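# Descriptive analysis of the structure
Next come the chains, spelled out residue by residue.
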Amino acid sequence: QVQLVESGGGLVQAGGSLTLSCAVSGSIYSINATGWYRQTPGKSRELVATITSGGSAYYADSVKGRFAISKDNAKNTVYLQMNSLKPVDTAVYYCNVFLVPSRLAAPLDLWGQGTQVTVSS
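Anyway, here's the lowdown on the structure attached to this text. (Residues numbered from 1 in each chain as written. Predicted model: local features only at pLDDT ≥ 70, side-chain atom pairs only at ≥ 80, totals over all residues. Heavy atoms only, no water.)

This brings us to the environment of Lys 71. By the element assignment, Lys 71 lies in strand E7 (residues 67-72). With 49 residues separating them in the primary sequence, Lys 71 and Cys 22 have C-alpha atoms 9.3 Å apart. A polar atom in the side chain of Lys 71 sits 3.1 Å from the backbone oxygen of Ser 53. Of note is the side chain of Lys 71, whose polar atom sits 2.9 Å from the side chain of Asn 73. (Helix = DSSP H or I, 4+ residues; strand = E, 2+ residues; numbered from the N terminus. Polar contact = N/O pair within 3.5 Å; in protein donor to acceptor, adjacent residues only side chain to side chain.)

Here it is, written out as structure tokens:
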């Protein structure tokens, strides 16, 4: 069984920084891609950033230049460094992982439990 555990959310003033972490544990053969999404009440979940197994990163226009996604393959952990935070960044942030649990298994698309990020003005 595979688990995703998120951490790092909280309350920060505008202009501040936070780092989110998503640790993947359990049966893991390969992690193909990981990403961060966010959601506010009444709105659809939106993509924030993704990173492939090869390290290629993609960012939503709204966070380019302010957020950075990275991963530590040895720890099976993905990070989201968030700088110059704005009140509009306030949301629940979710980790998403696309992985293969064992060599002959079908890939899994997994979500973390979500972590609240609140940016005050």
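Considering all chains together, one arrives at one aromatic pair under this definition. Directly above the ring of Tyr 94 sits Arg 45, whose terminal nitrogen or CZ lies 3.7 Å from the centroid. (Phe/Tyr/Trp six-rings, centres within 6.5 Å; stacked < 30°, edge-to-face > 60°. Lys NZ or Arg CZ within 6 Å of the ring centre and 35° of its normal.)

Here Ser 53 lies in the loop between strand E5 (46-52) and strand E6 (57-59). Ser 53 sits in the partly exposed class, given a relative accessible area of 48%. C-alpha separation for the pair Ser 53 and Ser 120, spaced 67 residues apart in sequence, amounts to 34 Å. In contact with Ser 53, not counting residues within four places along its chain, are Ile 31, Asn 32 and Lys 71. (Buried < 20%, exposed > 50% of the residue type's maximum accessible area, 1.4 Å probe, protein only. Contact = heavy atoms within 4.5 Å.)

Let us now look at the pairing of strand E1 (residues 3-7). The alternating pattern of E1 places Leu 4 and Glu 6 on a buried face and Gln 3, Val 5 and Ser 7 on a face that is not buried. Both E1 and strand E3 (residues 18-25) contribute to a ladder of five bridges, which runs antiparallel. Bridge pairing in E3 links Glu 6 to Cys 22. (Pairing = 2+ DSSP bridges.)

Let's shift gears to the sheet that holds E3. Strand pairing in a sheet relies on backbone hydrogen bonds. The paired strands run either parallel or antiparallel. The sheet built from four strands is open, its strands ordered E1-E3-E8-E7 with antiparallel pairing. With partners counted over all chains shown, the strands left at the sheet margins are E1 and E7, one partner each. Direction aside, neighbouring strands of the sheet carry axes that sit 15° apart on average. Bridging between E3 and strand E8 (residues 77-82) involves six bridges; their strand directions are antiparallel. Opposite Cys 22, over in E8, you have Val 78 as the bridge partner. (Axes fitted to C-alpha atoms, helices over the stretch in contact; angles between N-to-C directions.)

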